[in-house]
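Listed below, chain by chain, are the residues.
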Amino acid sequence: MTLTTDRRRHDREILALAVPAFGALVAEPLFLMADSAIVGHLGTAQLAGVGVASAALTTATGVFVFLAYATTAAVARRIGAGDRRAAVQQGIDGIWLALALSVGVVALTLLLAPRLADALGASPTAAPYAVTYLRISALGIPAILMVMASTGVLRGLQDTRTPLYVAVAGFAANLGLNAALVYGAGLGVAGSAWGTVAAQTGMAAVYVFVVVRGARRERASLRPDPAGIRASARAGGPLMVRTLSLRAILMIATAVAAGLGDDQIAAHQIAMTVFLFIAFALDAIAIAGQAIIGRYLGAGDVPGTRAATRRMIEWGIGSGVLLGLLVVLARPLYVPLFTPDPAVQQQLNTVLLLLALCQPVSGLVYVLDGVLMGAGDGPFLAWAMLATLAVFAPAALAVPASGTGLAGLWWAMNLFMLVRGGFLAWRARGGRWLVTGAVRS
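Residues numbered from 1 in each chain as written. Predicted model: local features only at pLDDT ≥ 70, side-chain atom pairs only at ≥ 80, totals over all residues. Heavy atoms only, no water.

Examining the nonpolar core
Counting residues in each nonpolar core, the largest one holds 130 residues, and the members touching the most others are Leu67, Phe392 and Trp410. Counting residues per element, this core draws most heavily on helix α11 (residues 262–298), which supplies 19 residues. Excluding residues that lie within four positions of it along the chain, Trp410 makes contacts with His268, Ala271, Met272, Phe275, Val351, Leu354 and Leu355. (Core = buried A, V, L, I, M, F, W, Y, C linked by side-chain atoms within 4.5 Å. Buried < 20%, exposed > 50% of the residue type's maximum accessible area, 1.4 Å probe, protein only. Helix = DSSP H or I, 4+ residues; strand = E, 2+ residues; numbered from the N terminus. Contact = heavy atoms within 4.5 Å.)

A closer look at the environment of Leu181
Along the chain, the position of Leu181 falls in helix α8 (residues 161–184). Since its relative accessible area comes to 23%, Leu181 is described here as partly exposed. For the pair Leu181 and Thr44, spaced 137 residues apart in the sequence, the C-alpha separation amounts to 19 Å. In contact with Leu181, other than residues within four places in its own chain, are Gly186, Leu187, Gly188, Gly191, Trp194 and Gly195.

What to know about the pattern of salt bridges
Evaluation of the coordinates by the stated rule reveals nine salt bridges. One salt bridge in this structure joins Arg295 and Glu13, with 2.5 Å as the shortest N-O distance. Taken as a pair, Arg295 in helix α11 and Glu13 in helix α1 (residues 3–27) lie far apart in primary sequence, 282 residues in all. The two residues Arg295 and Glu13 agree in class, both being buried. One network of salt bridges, in which partners are shared, links Arg7, Asp11, Arg311 and Glu314. (Salt bridge = Lys/Arg side-chain N within 4 Å of Asp/Glu carboxyl O.)

Keep in mind that these numbers describe shape and distance, not what the molecule does.
What follows is the structure in structure tokens.
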């Protein structure tokens, strides 16, 4: 096989998985955007309450994203080893783990809803709406976690199209139900929460149907397997540490920006919106990496793993360069859409240049993160992110005293990506992550 043919084969694999994955990733935050758009017409207090509740829910469920990542890697390995039945069984164990975890999360959310609203700064007028939305939406947490695990199953089976279709259908259902319940039924904030819970439950039901159908086809057991569930939890534990460390970095950045002034925090939040949207695009390549690398290692193909990794790195860096240029060149078009305030625009224009500067590094980071997740190298990813947090925190916390303002904070954000990229590139150059076989021992 020639080098050109090999590259084209990898390109087809990456695009086939990454493009639908990007669509699904973009569709997910539309749930909250739809809620905000509909609730916003009820009043400022209602919108503030839903905003606080959404932040709490996103945090409560976001730490369990390992249900998707760890399941993808484990299922893809077994697919590469040619054991589809075991792959589906591994996925079912992940779904049972999601259900088990959701019990505790729902109970805590229902119990602590008023305290969570208060901790996140809800005003006396917004707090009742936040508590109402939070308590109703908590009933959708099992569905959210099941969707995460089921998405991991399908990605591991090299299927990112089904999650895209489900995400788009779920968004459409959410939009329609919210409009009907908030305005048609006159349920207000409660109607928005019930509409979202119904849409999330419908998505989970579709995923369960797809997975159960696959299990029956492969004659895999649907009963919970304690050993398999424990294995899924062990694989996910380090990734949870990684996710918590990443969230701590983002929270520190927001706290520092808030202390710099109103213009600075406004510009920072807009810049973070751009940062997170770009992350969706680059994360789509990472998701393809998880599925492809897991499959290659499961098949025992180390040269193929290396070749696919090199090609994905090229895709990641190239995409980062293009996205960075787009951020800079399109500023006159999108900055006024976010804010008409000249002072905020001035802060934002400086920050966006710094954000764009680091996008090639971000492309490398996201790809290698996905590659190492696909290899099941969770413990290293956990330690690397903790070390990155240890570097970032003092740099960010020193910004107010240094007098460098918001630009100084975003230099610290770029330092965060550089340090993270350094750890990942060092690991990828070595061979300790290249563990082959159906199960990473």
